[in-house]
Structure formats: C-alpha cells, structure tokens
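Given next are the chains, with one letter for each unit.
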Amino acid sequence: MIVQKFGGTSVADPEAIRRLIEIARAARARDGRGPVLVVSAMSGVTDALLTVAARAGAAHVDDAILRLGPLRERHLAAISALAGNAKGNEVAAYTNAQFDELEAIARALGVLREVSPRTLDAVASIGELLSSRLIAIALEEAGVPAAWIDARRAIVTDDDHTRAAPLMRETTTVLRALVTPLVEEGRVPVLGGFIGATRDGITTTLGRGGSDYSGAIVGAGIDAREIQIWTDVDGMLTADPRIVSNPRLVPQLSFAEASGLAYFGAEVLHPSTILPAVERSIPVRILNSRRPDGSGTLIMAQRSENGTPVTALACKRDLTVVDITSSRMFMAYGFLRRLFEVFERFRTAVDVVTTSEVSVSVTVDDRRHLDAITEALSEFADVSVEAEMALLCAVGDRLRADASVAARVLRVLEEVPLRMVSQAAARRNITVVLRQSDLATAMKRLHEEFFE
Ligand code: ADP
Ligand code: ASP
Ligand code: MG
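Residue indices begin from 1 for each chain and proceed along its sequence in written order. Chains carry letters from A onward and ligands carry numbers from 1 onward, assigned in written order. Residues qualify for local features only when their pLDDT is at least 70, as the model is predicted, and side-chain atom pairs are given and counted only at 80 or more; totals for whole chains, interfaces and linings, by contrast, use all residues. Heavy atoms throughout the structure, all of them, feed into the side-chain values; hydrogens and water do not.

**Here we look at the sheet that holds strand β15 (residues 418-422)**
Strand pairing in a sheet relies on backbone hydrogen bonds, with the paired strands running either antiparallel or parallel.
Part 1 of the argument: Two strands qualify as a pair provided DSSP detects at least 2 bridges between them. The numbering of helices and of strands both runs from the N terminus, where a helix is a DSSP run of H or I of at least 4 residues and a strand a run of E of at least 2. Spatial ordering of the open sheet is given by β12-β13-β11-β14-β16-β15, a layout of six strands whose pairing is antiparallel. Pairing within the sheet leaves two strands with one partner each, and these edge strands are β12 (350-355) and β15. Each strand of the sheet is rotated relative to its neighbour by a mean of 30 degrees, with strand direction disregarded.
Part 2 of the argument: With four bridges connecting them, β12 and strand β13 (residues 359-364) associate as antiparallel partners. Bridging across to β13, V350 finds its partner in V364. Between the N-to-C directions of two axes lies an angle of 0 to 180 degrees, each axis being a line fitted to C-alpha atoms and, for a helix, fitted only over the stretch in contact.

This is the structure we're talking about:
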C-alpha cells in the first residue's frame, strides 16, 4: 500500500486534478490496490480563508464575505468540470453549505471582534474538507472507485490549535479501522491533509504546510510501503529555486538530512513529516505532479554515499535575533536554565543558539510573544532584539567527514556580515544567521561554491 499526498498546486484546478487521477490510477495498476490519497486545499485557499477570518475579526465583515464569493465559485466550477451528475450535485450542496457556514462564522467574528486559534482552525479546515470531497467524487467519475473520509475522524490530535500534534496511538487505531478496510474493498480512500480533531471532536490543524505531515501520519498508521509527496518541483533541490535560478535535483537524502533541510526552511517538506516515517522506516519520495515520470527525491534511513560533502542548502526568512547579555552572572550556574525557561514559558521555539563570553544569541521564528519574552529576560539580563534576519544552512551527512567545508562556507561569505555561526555535535549542518537583505547573495555564492 502506498500513500500519495498532493499539495495545493497539484490540486489547484480541474486540469491538475485530472493529472492527480492519472497518477493515482497508475499507482493502482502497479500495486493492484490503493493508493491512499491525502490532499491539500486548492492552492491559495488556506491563505484566503485565514484572510477572511482576520478581516471579519477586524470588523470588516462585508469585505470578508465578498472574499468568499470567488472561492465558492472556484470550487463549484471545479465540481461541474469534474463531476457533472447527481453525485456532483451532492458535493456542490455540501460545498454551498460549507460556504454558508463560513459566512455565518464571518458575521459572528465581526460581532465578537476576536479570532481565537480554535476559530481559525474551524475556518482553515474547510479548504481541505472541500478539496478532498471534490477529489473523491472526481475519481469516482473517472472510473476509480474512491471513498471520502472526513480527516477529522481519522487524525486525533491534542488541542494546541493552529499547530496541533497528532496522538499517534489513537490515530493509528482509527486509521486501521477506517482506511485499511476501504483499501481491502478495492477503494481509494481520500482524506484532506492538514486537519484533524481533538478527542472531543473539535477541529484542529497541524500548522501551515501540514498536509505533508498528514501524509506521513497516515502512511505510518497503515504501515504503507512508501509515502509520496507530489508537488510542483522535481524533488528536493540543492537550493530554494526562488533564490537560486539553477538548483539541481538531489536524488537521495537520508532521513536526517531531509529533516535538517525541512527544519531549516526547505518548504517542499513540512519539518515534522519525517518523524512518523522514521519510526517505521517508511521511505518518502518527493515527486513532481506535472512530470510524473521523473525519479524525484528518495528519502530513506541511509542514502548511498556520493561525492558531495554538502547535500543541499536551506534558508529561513523573517527571523528575529534576541541577544541576551549578562555582566553579573553569566556562566553562573542556572543562567542558561533561567534563560531558556523564559522561552519555554511562552512556548516559543528557538532555532539557532550561539554563545560568547557574556552573551547568548538565539533566533526565533514565532514573534507572537516576543515583547513578553523580552520583558521577562530583562529581569536578569540586558536584551536586544533585531528583526528581519535570515538563516542559511548547508546540510549533508558527509559534512563531518570533510573538515574543509566550514572554512569554505566562511570564505565564500567573506564579505557578508554574519550575525551568528553554528555547527553542533552531529555536524550535519553549518548554519549562519545574517541580515535578510544579504540572504540571496549569500545563498547564490554558497550554491556556486558547492554545486556549480
Ligand atoms: P505543496 O503545495 O505541494 O505542498 P509547497 O509550496 O509547500 O508545495 O512546497 C514546494 C515549494 O518549495 C517549491 O515550489 C519551492 O519553491 C519551495 N522550495 C524551497 N526550498 C526548496 C528546495 N530546497 N527544494 C525544492 N523546493 C523548495
Ligand atoms: N493547506 C495548508 C496550507 O496551505 C496545508 C498544506 O497545504 O500543506 O498551509
Ligand atoms: Mg507544502
């Protein structure tokens, strides 16, 4: 059994969905059953829904409702292009009901003037509910027996809204009861990615880009042979293609490399995706839905050795560097504990940490609690904050075997002011933090040095 996850651009319109159907049909012909499909919302829909919630919460209800119009039309048009019969009507009615409910939510938010994370999840989840239902019917219409599953019944999560974590044991039990029998009956189960629900049935989401994670959770739950991530690029590339114009395809990655690249910003894979796959050693393959014959990138426990010490580069924008300096008690016992306790208290993750004799610098991505964090840190240290920073990272399992890499990285970045430099014990990555305005130049130089 394999799981195929299709991202937003791979389900963007009827044409993309027809390509999806052919990809699923081919997998079915090869395996004699399945596949299990996990799909994103149509591209742009999650952003649009979150904007609707924000506008409504800011009392711009008319604007919010106006924005729902084209979204409704886009879904209805796709339904009539792909399933113009009685079953299509049923899905159209479902779609209309969801949009009617969204309008009601928008009105309520306009009155309350407050958008809670729980409400954001209720709104954002609709994108995947609609796309998955539509794709299930489109498959049926194309002669592939399918079955829609409301992912909120299948993925059980905690209640950390907008970034919920799956409860794997419960989820696995449900997936085996719900998904596996459908495959055995000869059907193609279709679930929306990104969404789940708490034990009490309250809708949650797994964080932006979370459909990859859903794909892996489903794959692990049903013990899939392979998890495929179908997207709009040929696989993991040696650098972000929006910055470097000629990145190469990375044919193979180890789990550790993939997780490093995803964690440090290679958006093609959600950072948590690898976890469920690692636990069961399920290979993950990244593939291009516009070029289904490509070999893509294969991610597995161990990759075959090849020559390059750096496997790929990744970057992350919009970071904030927090410098914490103490003249009084630095390196005193307990200082670091106290410092990190502050970040823990505000549930804010730090990405990179460096220390010098009297100070610690950390980068944070999530700025929501930055003011409170600064205030709390100021009780025992001097704190300064610098926004618009970026992180650039060279990742590779073979980095540790080649002592010259760090020197090469620093040499090619000679003229770029580096704010932090970090390499930790695993020595799978070398990370620098720099001004966002220097990121593109720095990434191009590193790419030239290691890949061109
Ligand atoms: P999907 O909607 O299929 O989940 P995403 O937009 O989330 O797709 O991820 C794919 C995008 O990730 C690509 O279009 C590309 O711009 C971006 N990306 C960033 N870094 C990399 C990289 N190293 N390799 C491939 N793609 C990358
Ligand atoms: N639709 C969600 C998002 O845009 C999840 C995903 O596509 O992975 O973040
Ligand atoms: Mg994605």
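From this point, the discussion proceeds with the structure in view.
**Some thoughts on the pairing of strand β4 (residues 188-192)**
Part 1 of the argument: Counting buried positions along β4 gives five out of five residues, so the element sits mostly inside the fold.
Part 2 of the argument: With three bridges joining them, strand β2 (residues 36-39) and β4 adopt parallel strand pairing. Following the sheet pairing, V39 is matched in β4 by G192.
Part 3 of the argument: Inspection of the sheet shows strand β3 (residues 146-149) paired to β4 by four bridges, in the parallel sense. Categorising residues by exposure relies on relative accessible area from a 1.4 Å probe, with only protein chains included: less than 20% of the type maximum marks a residue as buried, more than 50% marks it as exposed, and the intermediate range marks it as partly exposed.

**With respect to the side chain of D240**
Part 1 of the argument: The topology assignment puts D240 in the loop between β7 (226-231) and β8 (252-254).
Part 2 of the argument: Between N or O atoms, a polar contact is any pair within 3.5 Å; within protein, one atom must be a potential hydrogen donor and the other a potential acceptor, and residues adjacent in sequence are included only when both atoms are from side chains. At 2.9 Å, the side chain of D240 and the backbone nitrogen of R242 are in polar contact.
Part 3 of the argument: Only heavy atoms enter the contact rule, under which two residues are in contact if any of them lie within 4.5 Å. Leave out the neighbours within four places in its chain, and D240 touches C315, R317 and M443.

**Things to note about helix α14 (residues 439-451)**
Part 1 of the argument: Spanning 13 residues, α14 covers 17 Å between terminal C-alpha atoms, matching the ideal 18 Å at 1.5 Å per step.
Part 2 of the argument: Along α14, the residues that are buried comprise L439, A442, M443, L446, H447, F450 and F451. Looking down the long axis of α14, one finds its buried residues gathered within 130 degrees of arc, a one-sided arrangement. Expected helix span is given by 1.5 Å per residue-to-residue step, counting one fewer step than there are residues. The directions from the helix axis to the C-beta atoms form the arc being described.

**Considering the packing of helix α1 (residues 14-31) against helix α5 (residues 117-141)**
Part 1 of the argument: Across the interface, α1 lies against α5 with an axial gap of 10 Å and an inter-helix angle of 60 degrees. Seen along the crossing, α1 lies across α5 with a hand that is right-handed. Within the contact between the two elements, α1 uses I17, L20, I21 and A24 and α5 uses L134, I135, A138 and L139.
Part 2 of the argument: When grouped by side-chain class, the residues that make up the contact of α1 with α5 number eight nonpolar, no polar and no charged. Throughout, a crossing is termed right-handed when the near helix is turned clockwise from the far one, and left-handed when it is turned anticlockwise from it by less than a right angle. Ten residues, namely Ala, Val, Leu, Ile, Met, Phe, Trp, Tyr, Cys and Pro, are considered nonpolar, four, namely Asp, Glu, Lys and Arg, are considered charged, and the remaining ones, Gly among them, are considered polar.

**Describing the packing of aromatic side chains**
Part 1 of the argument: Stacked, tilted and edge-to-face pairs are distinguished by plane angle, under 30 degrees for stacked and over 60 for edge-to-face with tilted covering the rest, among Phe, Tyr and Trp rings (Trp via its six-membered ring) whose centres lie within 6.5 Å. Scanning all chains against the criterion turns up five aromatic pairs.
Part 2 of the argument: When the centroid spacing of 5.0 Å and the interplanar angle of 85 degrees are considered together, the rings of Y263 and F264 count as edge-to-face.
Part 3 of the argument: Lying over the aromatic face of Y94, R133 brings its terminal NZ or CZ to 4.5 Å of the ring centre.
Part 4 of the argument: By the criterion adopted, a ring carries a charge over it if an Arg CZ or a Lys NZ lies within 6 Å of its centre and within 35 degrees of its normal. Across from the ring centre of Y263, 5.1 Å away, lies the NZ or CZ of K316, which sits over that ring.

**Quick word on helix α11 (residues 335-345)**
For an α-helix, the turn length of 3.6 residues means that residues three or four places apart are oriented alike.
Part 1 of the argument: Taken together, the buried positions of α11 are occupied by F335, L339, V342 and F343. Considered in projection along α11, the buried side chains sweep an arc of 95 degrees and stay on one side of the axis. In this structure, α11 carries R337, E344 and R345 as exposed residues pointing more than 90 degrees from its buried face.

**Some points on the site of ligand 2**
Part 1 of the argument: Here a residue is considered near a molecule or strand provided that any single heavy atom belonging to it is located within 4 Å of it. All residues in the neighbourhood of ligand 2 are listed as S40, T46, E128, F194, R208, G209, G210 and S211.
Part 2 of the argument: R208 has a polar side-chain atom sitting 2.7 Å from an oxygen atom of ligand 2.
Part 3 of the argument: Note on areas: Shrake-Rupley, 1.4 Å probe, and residue coverage restricted to the protein chains presented here. Relative to its free-state accessible area of 260 Å², ligand 2 is covered by the protein chains to the extent of 85%.
Part 4 of the argument: When its residues are assigned to classes, the shell around ligand 2 shows one nonpolar, five polar and two charged.

**A few points about the state of the cysteines**
Part 1 of the argument: Only a pair of cysteine sulfur atoms within 2.5 Å qualifies as a disulfide here. Per the counting criterion, the structure on display carries zero disulfides.
Part 2 of the argument: With no disulfide of its own, C393 lies 9.8 Å from the sulfur of C315, the closest cysteine sulfur.
Part 3 of the argument: On the accessibility criterion, C393 (0% relative accessible area) is buried.

**Some remarks on the domain arrangement of the chain**
Part 1 of the argument: These domain limits were set by an automatic method or by a database of domain assignments. Structurally, the chain comprises domain 1 (2-232) and domain 2 (312-451).
Part 2 of the argument: Centre-to-centre separation of domain 1 and domain 2, based on C-alpha positions: 36 Å.

**Some details on the environment of S361**
Part 1 of the argument: By the secondary structure assignment, S361 is in strand β13.
Part 2 of the argument: On the basis of relative accessibility, which here comes to 9%, the residue S361 falls in the buried class.
Part 3 of the argument: Along the primary structure S361 and S384 are separated by 23 residues, whereas in three dimensions their C-alpha atoms are 9.5 Å apart.
Part 4 of the argument: Residue contacts for S361: discarding those within four places in its chain leaves V321, V322, D323, V352, V353, T354 and M420.
Part 5 of the argument: Of the polar contacts made by the side chain of S361, one reaches the side chain of D323; its length is 2.6 Å.

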